[in-house]
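Commentary on secondary and tertiary structure
Now for the letters of each chain:
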Amino acid sequence: MFLYSSITRKVLMALAGLFLVTFLCVHLGINLMLLKNDGGRAFTEAATFMGTNALIKVFEIVLFAGFSLHIIFGLLVSGQNKGARPTSYAVNNSSDTSPFSKYMFHTGIIVFIFLALHFLDFYFIKIGLVAPPPGIAAHDFYNRTLLLFSTPWYSMLYIFCFIALGIHLNHAIQSAFQTLGWNHGKYMDAVKLLGSAYSFFIAAGFSLVPIFILFFRN
Amino acid sequence: MNFTLKIWRQKNVAVKGEMISYDVSGISPDSSFFEMLDTLNQKLIMTGGDPVAFDHDCREGICGTCSLYINGRPHGPVKGVTTCQLHMRSFADGETIHIEPWRAKAFPVIRDLIVDRSAFDKIIQAGGYVSVNTGGVPDANTIPVPKEKSEAAMDAAACIGCGACVAACSNAAAMLFIGAKVSHLALLPQGRVEAAKRVQKMVACMDELGFGNCSNTSACEADCPKGISVSNIARMNREFLGAKLFSEKEKVVRVSL
Amino acid sequence: MTRLNARIPEGPVASKWTDYKSSCKLVNPNNKRKLDIIVVGTGLAGASAAASLGELGYKVKVFCYQDSPRRAHSIAAQGGINAAKNYPNDGDSAFRLFYDTIKGGDYRAREANVYRLAQVSNQIIDLCVAQGVPFAREYGGLLANRSFGGAQVSRTFYARGQTGQQLLLGAYSALSRQIALGNVTLFNRRDVLDTVLVDGKARGIITRNLVTGEIERHAAHAVVLASGGYGNVFFLSTNAMGSNVTPAWSAYKKGAMFANPCFTQIHPTCIPVHGDTQSKLTLMSESLRNDGRIWVPRKLSDVEKLRNQSIKPSDIPEEDRDYYLERRYPAFGNLVPRDVASRAAKERCDAGFGVGSTGVAVFLDFADAIKRKGHDTIDALYGNLFQMYEQIVADNPYETPMMIYPAVHYTMGGLWVDYELMTTIPGLFAVGECNFSDHGANRLGASALMQGLADGYFVLPYTIGNYLAAEIHTPRFDTNASEFTLAAQGVADRLKQMKNSGGKESVDHYHRRLGKIMWEYCGMARNDAGLTEALYQITELRHEYVRGVRIPGGLDEYNPELEKACRVADFIELGELMVRDAQQRRESCGGHFRDEYQTSEGEALRNDDKFAYVAAWEYNGGEVAASLHREELQFNEIKLSQRSYK
Ligand SMILES: Cc1cc2nc3c(=O)[nH]c(=O)nc-3n(C[C@H](O)[C@H](O)[C@H](O)COP(=O)(O)OP(=O)(O)OC[C@H]3O[C@@H](n4cnc5c(N)ncnc54)[C@H](O)[C@@H]3O)c2cc1C
Ligand code: HEM
Ligand code: SF4
Ligand code: FES
C-alpha cells in the first residue's frame, strides 16, 4: 500500500477523513447529552449502547482502521512533501492562499496528541489497559468526564485541541472534495461554505461541553 | 529608481550557492524587471564581475522560460503575469528585492537563477499527447465539439509550462501543470479516446520524478501567470480514479507477420 | 553562371505536387531505421518535421537552445493560421489562397511552392484538430474562422490570441510521443554552431552544450535546419531574445546560398521603444486597426506641448489632428497593408510629428469606436490587448489613445531552397522561417504558421525521402572523421578567440549599435547613399567587435555572454549581406522600399522587367564580397499588377 500513487494515497486519506468527519458528528451528538440536566442518564445510556452493541463493535474497528489509515498516510504524504523541496527558500512563500491549508500536518499532530490523551483517559480505561482514577468505575464515563472537565487546564487543552481540529477540518472538507474530484464550478463555493460551517460547528460543539461544565454546573 | 538586490548565486549544480547583495540605481520605472537585471549585468561585465544567469526568451509572457522567485512569490508580486512582464513601477523605490530560483527536488539548479525543468518534458513524453500520426486523419469538422468544452479545453491548454505552480506549492507538487494537460485533452473528443491511459501514465511519471503531493492549498492557482484553475486538478483526480477503478487490464495482442 | 536549379516538377501548377508525390523515390521501412536525420529547431517547422520523420521510422536527433522544445518562438504567434477550407462558404479555394499569397508577397515568390502550400493547408487543420489543438468554435461545435489582412475571405483559424502556442504544443506533443518511443532523441540547451560537410554533402553539425560548455559532434545522413528568423539583426524586434541566424549562417558559410536577405517585415502595431535599456519589442495584434484610428498632431506646437505634458491628447481638437492613413489612403484608411502603414508612421515621425516621450510613436485612438460601439463591445474585442498594453505602458487605452510604432517582426529572406526544400548543399534542407521560400517580399498575416507546418508535416517527409533513397547504403558516420574534427576545432578556436579578445565593451553594446545602423539605413525605407554608409559603418563595427568585445566567465560552463557573442558576430556579417542585397535591388517591392523607386504618390514601384528574381548570395570567404546568383521567377498562373490601396 506504500507503493500507491500519490493520488491514490490522497484519495484514501480523503475517504478515511470524510468517514472520520461523519463519526465526529455522532460523537458530538453523544457529548452534547452531557449538557442535559438529567444526572447523566441520557449520556450513559448512549455510551452503554455504543459500548455494547455488536454493530458498533464492528464500527469501532472500522473507525480505528480509518484513523490509522488517515494518520499513516498523513505522515507519509507529509514526509514526501518535505522531501520534494530539499532546499528551502530564503523568503517564505507569500502567495495569497488560505494559511490554514499549509498547517494540516501541524493541526493533525495536535489532534493526534489529543487522541492519545483521549484514549488514555477513556478508551484504555474502558478496555482495562489503564486503571481508572480512584472512586470511579471503569464504565462510568459520565463522572469521569465531569471530573476531567472540572480541571481548568484540562478543559483549556481540550478546547485548544478542538480549535486545531476545526482549523484542520476547515481546509480538510473542501480539500477532500477536491481530492475525490468532486469539484464543480457551480457548487464548489457551497462546499467550501458548508465545510467551514461544519468545522466551526464541530469545534464549537465539542468545546461547549467543558465550558458548560466549568462555568454553569454547580 | 534604486534597488538593493539579494540574488542567489550558484556556479553549477554540484556546488553550494548563496544569496549575494547588489545595488542598482537609475532604473526607469517603465523598464521591465529583466531590463533592470540587464542593467545590473552590464555593470557587472564592465567591472569585471560575473553576470547573473537567468532564464528568459520571449520576454512577452508566452514561452514560459522565465522563472524567478521574487520576494517570496514566483513571478513576483503582480497577479497573472510572468517575470518578464513585471515592470519596476510595481516595486517601491529603494526596496530590497530577493531573487531566488524555483526550488524543487525535481528542478535542480543549473546556475544562479536557472533550473532544469526537463522533468516537465518527461511528464509530457509519458503521455501528454494524442497518439495520431501525420496524415490519415479525418476532416477537421467531422466531430463537432461543444463550444463550452472547447473553451474549457483552451483554458487548460493556456498553460505555458513555466513551473511557477511547483515553485509556489509548499509541497513542490506539479499537479496544476499535469492537471491542465490532462484536462485539456480529456475535454476534447479527440483526446478522450486514450484519456484513461494518459492520466495513469502521466501521474506515474510525476511520482517517479520526485514532485510532492497535492494538499489543495491553491497556491499554484494564485501564482499561475495564466490563471489555470485548480478545478483542473479535480478533473485529473476524477479521471485518474475512474481509470484506476474501471479500466480493463490491457491485453497483449501478438501480431504474427 | 547560375548554379540554381529549383527543380520544379513539370506539368500544370495544380498537379505538380500530386505528381511529385506519386513519382518521388521512397525508402522502405527497414532502411529508414538505418538512416539518421538531424533537425535543428523545435518551432512549428522543426517540431513538426522531427515528429513526422520519427513516425516514418527514421532515427532523428532534434536540437534547440531553449530548455524545452515547447519554448521555440513560434509560441508567440497570436493571430492565426490560414487554410483554404472554405468552411464559411465565401468562395475560398486553394487557388485563391495561392493568388493572395503571391500578390501579398508583391510577386517575388515562386509559384510552384506557394501553390503547394495552399494545397496542403487544409491537411494542417485536420491534423491539428486530431492532435487536440483547441481552435475557436461556433456554438454548433464546428470550427470558427476570421478574416485577416490582405484577403477578402475568412480563412484564418485561431485559438484565442494564442494560435502559435496551441499549434506548437500540438507539434511538441507529437514530438514528445516520438521521443518516448525512442525514434527521436532530444538535445535541449544546445547551440548549433557549425554544419559539417563530408564530400560535399551535409553530414552533421557541431554544437555547444550550453550547460557544460562541451563542444559536441553529431552525424547524420541528412541535416534539416528549422532555426527560425533573423529579425534580431535589428537588436530590437518582436523575436525572442535568443532568436538567431547562426545555424543558417554556418550553412551559408559552408556553401548554402542565402536568398533575399533584405526582405524584412516591419509590423505597424507594436509598443514603442521606451528608452535606452529596452531589450525587446512587443507586438500588439493587427486586429486593433479594425477599430482604432491612427493619428498625430497637425501642429508642431501641439507636439511640443504633448511632450512637456502641458496638454493631453484628448485636448487636441479634431481639426488639429492628422489622421494620415485616412488622408493618404481614403479607400483602405487604417487598414492598408503592414508595409504601407509602417512607412507612413515613419514618415510622420521623421517629419517631427511623432508623439510620446521619445517622439517615435503615433496614436492609435479608440475614442470614436468606444462612442460608436460602446465600451462593452470594445472590451469584448480587445479587452485582453488593452490589459496587456496597460501592463507594459501603464496607460489606460480607454481613457487616452494608445501609442504604437512599427517594429521588425518577420524575415522573408533565408536559406535558398529548391522545390524539395533542399539548399544548395546536397542533404541540407531548410524549413520554416529560416528558408526564403513562400512569402516573396512581404508575408501576409497568418501564413507563416501555415508555411512552417506545411514544410514540416507534409512536404519535407516526402522530399527528404527522395534524397535519402540514394543514401541507404551509406553507413552511419564516425564523428572522429577528419571533417568533424576540423569543424569542432574551428568552433573551439572561434570561441577561444572571442573569449580572449581582451576588449572592454559588452556584446550587447555592439548588438545595439548594429541594430541602430540596420534600422536607420536598412529598415523601413532605404536608399543608395544610406546603404553605402551602412556598409561602411558595419565593416567598421565588425573590426571593432573582434578587438573590443569583453566576455566574462569561462568556456566550459554556462555562459550566456559567450552564446550571445557568437550570435552577434554572425548578425554583423549578415547585416552586411542584407545591405548589399538591398543595394542591388533597385526597385521597391513589399517590405523593401527604396526611396529612389516610388510613384509620384510615394508608393512602392516595382520593376518586374529587371527584378522579378530571387537574389541568392554565395559566400566567398570573409574578405571577398559574396556573389549574386539569380533565380528568375516565372509567372504562368498569375498576371503581375501594381498594388494599390487608394
Ligand atoms: C510576436 C509574433 C507574432 C506572430 N504572429 C503570427 C501569426 O499570427 N500568424 C503567423 O502565421 N505567423 C506569425 N508570426 C510568425 C511565425 O510565428 C514565425 O515565422 C514562425 O513561427 C517561425 O517558426 P519556425 O519553426 O521557423 O522557427 P521558430 O519557432 O523561431 O523556432 C526556431 C527553433 O530553432 C532553434 N534554434 C535557433 N537557433 C538555434 C541554435 N543556434 N542552436 C540550436 N537551436 C537553435 C530554436 O531553439 C527553436 O527551437 C509571428 C511572429 C512573432 C514574432
Ligand atoms: C478526527 C480526526 C480527523 C479528521 C476528521 C480528519 C480529516 C481530514 C480530511 C477530510 C482531510 C482532507 C484530505 C484531503 O486533502 O483530501 C485531512 C487531511 C489531513 N489530515 Fe486529517 N483528519 C483527522 C485527524 C488527523 C490526524 C490525527 C492527523 C495526524 C497526522 C491528520 C493529518 C492530516 C494531514 C497531514 C492532512 C493533509 C494531507 C495533505 O493534503 O497533504 N489528520 N484530514
Ligand atoms: S499551470 Fe500555471 S504555473 Fe503551472 S506551469 Fe502551467 S502556467 Fe506555469
Ligand atoms: S520570457 Fe517568455 S514567458 Fe517570460
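Residues numbered from 1 in each chain as written. Chains lettered and ligands numbered in written order. Predicted model: local features only at pLDDT ≥ 70, side-chain atom pairs only at ≥ 80, totals over all residues. Heavy atoms only, no water.

Points about the overall build of chain C
- The helix and strand tally for chain C stands at 18 helices and 19 strands.
- Relative to the globule expectation of 26 Å for 646 residues, the C-alpha radius of gyration of chain C, 24 Å, shows essentially globular dimensions.
- Principal axes of the C-alpha set define a box for chain C whose edges measure 75 × 65 × 50 Å.
- Accessible surface computed for chain C: about 22200 Å², of which carbon and sulfur atoms make up 49%.
- Here chain C carries 74 positive and 74 negative side-chain charges, and the mean point of each set is 3 Å from the other. (Helix = DSSP H or I, 4+ residues; strand = E, 2+ residues; numbered from the N terminus. Rg over C-alpha atoms; globule rule 2.2 N^0.38 Å. Areas by Shrake-Rupley, 256 points an atom, 1.4 Å probe, with all protein chains shown as cover. Lys, Arg positive; Asp, Glu negative; His and termini not counted. Charge placed at Lys NZ, Arg CZ, Asp CG, Glu CD.)

Structural notes on the overall build of chain B
- Helix and strand counts for chain B come out as nine helices and seven strands.
- Each principal axis of the C-alpha distribution contributes one length, and for chain B these read about 70 × 40 × 35 Å.
- Counting every position in chain B, which comprises 257 residues, the buried fraction comes to 61%.
- The long-range share in chain B, meaning contacts at least 24 apart out of those at least 6 apart in sequence, stands at 69%.
- Carbon together with sulfur atoms contributes 54% to the accessible area of chain B, which is approximately 9200 Å² in total.
- When the 28 basic and 27 acidic side-chain charges of chain B are each reduced to a single mean position, those positions are 7 Å apart. (Buried < 20%, exposed > 50% of the residue type's maximum accessible area, 1.4 Å probe, protein only. Contact = heavy atoms within 4.5 Å.)

Focus on the site of ligand 3
- Not every one of the 13 residues close to ligand 3 is listed here, only the nearest: B:Cys159, B:Cys162, B:Gly163, B:Cys165 and B:Cys224.
- Class assignment for the residues of the shell around ligand 3 results in 11 nonpolar, two polar and no charged. (Near = heavy atom within 4 Å. Nonpolar A, V, L, I, M, F, W, Y, C, P; charged D, E, K, R; others polar.)

A few points about the coordination of the iron atom of ligand 2
Residue and element names in this part refer to chain A.
- With distances of 2.0 to 2.1 Å, the protein atoms coordinating the iron atom of ligand 2 are His-70 (NE2) and His-168 (NE2).
- Each of the six donor atoms bound to the iron atom of ligand 2 contributes to angles spanning 86 to 178°, and the resulting shape is octahedral. Placement of the pair is His-70 in helix α3 (residues 54-83) and His-168 in helix α6 (residues 152-179), with a sequence separation of 98 residues.
- Looking at His-168, the relative accessible area reads 12%, which means it is buried. (Donors = N, O, S within 2.8 Å, 3.2 Å for Na, K, Ca; no water. Tetrahedral: all angles 85-135°; square planar, octahedral: opposite > 155°, others 65-115°.)

What about the packing of aromatic side chains?
Residue and element names in this part refer to chain C.
- Per the counting criterion, the structure on display carries 45 aromatic pairs over all chains.
- Aromatic pair Trp-249 and Tyr-252: ring centres 4.4 Å apart, planes at 35°, arrangement tilted. With a gap of three residues between them, Trp-249 and Tyr-252 both fall in helix α7 (residues 246-253), about one helical turn apart. For the pair formed by Trp-249 and Tyr-252, the shared burial category is buried.
- Aromatic side chains Trp-295 and Tyr-323 sit 6.3 Å apart centroid to centroid with 50° between the ring planes, which places their arrangement in the tilted category. (Phe/Tyr/Trp six-rings, centres within 6.5 Å; stacked < 30°, edge-to-face > 60°.)

Some thoughts on the domain arrangement of chain B
Residues and elements named next belong to chain B.
- What the domain assignment lists for chain B is domain 1 (3-111) and domain 2 (118-256).
- Contacts between the two partners involve 19 residues from domain 1 and, on the opposite side, 20 residues from domain 2.
- Roughly 1400 Å² of surface becomes buried between domain 1 and domain 2 when both sides are summed, with 58% attributable to carbon and sulfur atoms.
- Looking only at domain 1, the three residues that lose the most surface to domain 2 are Pro-74, Ala-106 and Phe-107, adding up to 32% of its buried area.
- Counting the contacts that link domain 1 with domain 2 gives one salt bridge.
- Arg-73 is the partner of Asp-223 in a salt bridge, and the nearest nitrogen-oxygen pair spans 2.5 Å.
- The tally of links from domain 1 across to domain 2 stands at five residue pairs in polar contact (both at pLDDT 80 or more). (Domains from an automatic or database assignment. Buried area = accessible area lost by both parts, 1.4 Å probe. Salt bridge = Lys/Arg side-chain N within 4 Å of Asp/Glu carboxyl O. Polar contact = N/O pair within 3.5 Å; in protein donor to acceptor, adjacent residues only side chain to side chain.)

Let's talk about the nonpolar core
- Counting residues in hydrophobic clusters, the biggest one holds 260 residues, and the most contacted among them are B:Phe107, B:Phe211, C:Ile81, C:Phe135 and C:Phe258.
- When residues of this core are assigned to domains, at least three fall in each of domain 1 (3-111) and domain 2 (118-256) of chain B.
- Membership of the second largest hydrophobic core comes to 30 residues, among which are A:Ala46, A:Phe141, A:Ile202 and A:Phe206. (Core = buried A, V, L, I, M, F, W, Y, C linked by side-chain atoms within 4.5 Å.)

So, the site of ligand 2
- Taken together, 28 residues form the shell around ligand 2, and within it A:Lys10, A:His70, A:His168, A:Ser175 and A:Thr179 come nearest.
- One finds residues of chains A and B in close proximity to ligand 2.
- Here A:His70 contributes a side-chain N or O atom positioned 2.7 Å from a nitrogen atom of ligand 2.
- A:His168 has a polar side-chain atom sitting 2.8 Å from a nitrogen atom of ligand 2.
- Every element with two or more residues in the shell around ligand 2 is listed here: α1 (6-32), α3, α4 (104-126) and α6 of chain A.
- For the shell around ligand 2, the class distribution of residues is 16 nonpolar, 11 polar and one charged.

Overview of the interface of chain B and chain A
- Contacts between the two partners involve 45 residues from chain B and, on the opposite side, 34 residues from chain A.
- Across the chain B to chain A interface the summed buried area is about 3100 Å²; carbon plus sulfur atoms make up 51%.
- Of all residues in chain B, the largest losses of buried area upon contact with chain A belong to B:Arg103, B:Asn213 and B:Asn216, amounting jointly to 21% of the total for that side.
- Here chain B and chain A share zero salt bridges between them.
- Applying the counting criterion to the chain B and chain A interface returns 27 residue pairs in polar contact (both at pLDDT 80 or more).
- Of all elements in the fold, only β4 (73-74), β5 (96-100), α4 (164-168), α7 (195-208), α8 (219-223) and α9 (231-246) of chain B reach the threshold of two or more residues within the side of chain B that touches chain A.
- The greatest single-element share of the side of chain B that touches chain A, amounting to eight residues, is contributed by α9(B).
- Taken together, the residues that form the side of chain B that touches chain A break down as 24 nonpolar, 14 polar and seven charged.

Concerning the interface of chain C and chain B
- Taken together, the contacts link 74 residues of chain C with 73 residues of chain B.
- A buried area of about 6000 Å², summed over both sides, lies between chain C and chain B, and 51% of it is on carbon and sulfur atoms.
- Our count for the contact surface shared by chain C and chain B stands at eight salt bridges.
- Of the charged contacts, one joins C:Asp67 and B:Arg117 as a salt bridge, the two residues approaching to 3.3 Å between their closest N and O atoms.
- Connecting chain C to chain B are 45 residue pairs in polar contact (both at pLDDT 80 or more).
- Every element with two or more residues in the side of chain C that touches chain B is listed here: α3 (44-56), α5 (111-131), α6 (163-181), α12 (375-393), α13 (448-468) and α17 (560-584) of chain C.
- Here the side of chain C that touches chain B takes nine residues from α6(C), the largest share from any one element.

Concerning a nonpolar patch on the surface
All names here are of chain A.
- A cluster of nonpolar side chains, Leu-75, Phe-105, Ile-109, Phe-112 and Ile-113, forms an exposed patch at the surface whose accessible area comes to about 440 Å².
- Per-element accounting of the nonpolar patch gives the leading share, four residues, to α4.
- In this fold, Phe-112 is placed in helix α4.
- Residue classification places Phe-112 among the partly exposed residues on the basis of a relative accessible area of 41%. (Patch = residues over 30% accessible without salt bridge, like charges linked within 9 Å, V, L, I, M, F, W, Y side chains within 5 Å.)

Side note on the sheet that holds β5(B)
Residue and element names in this part refer to chain B.
- The mixed open sheet is built from five strands, whose spatial order is β2-β1-β5-β3-β4. A strand with exactly one partner marks an edge of an open sheet, and here the two such strands are β2 (18-24) and β4.
- The pairing of strand β1 (residues 3-9) with β5 spans four bridges and is classified as parallel. Residue pairing for β5: Ile-7 is matched across the bridge by Ile-99.
- Here helix α1 (residues 33-46) sits on the sheet and contacts β1, β2, β3 (69-70) and β5; the angle it forms with β1, its principal contact strand, is near 80°. (Pairing = 2+ DSSP bridges. Axes fitted to C-alpha atoms, helices over the stretch in contact; angles between N-to-C directions.)

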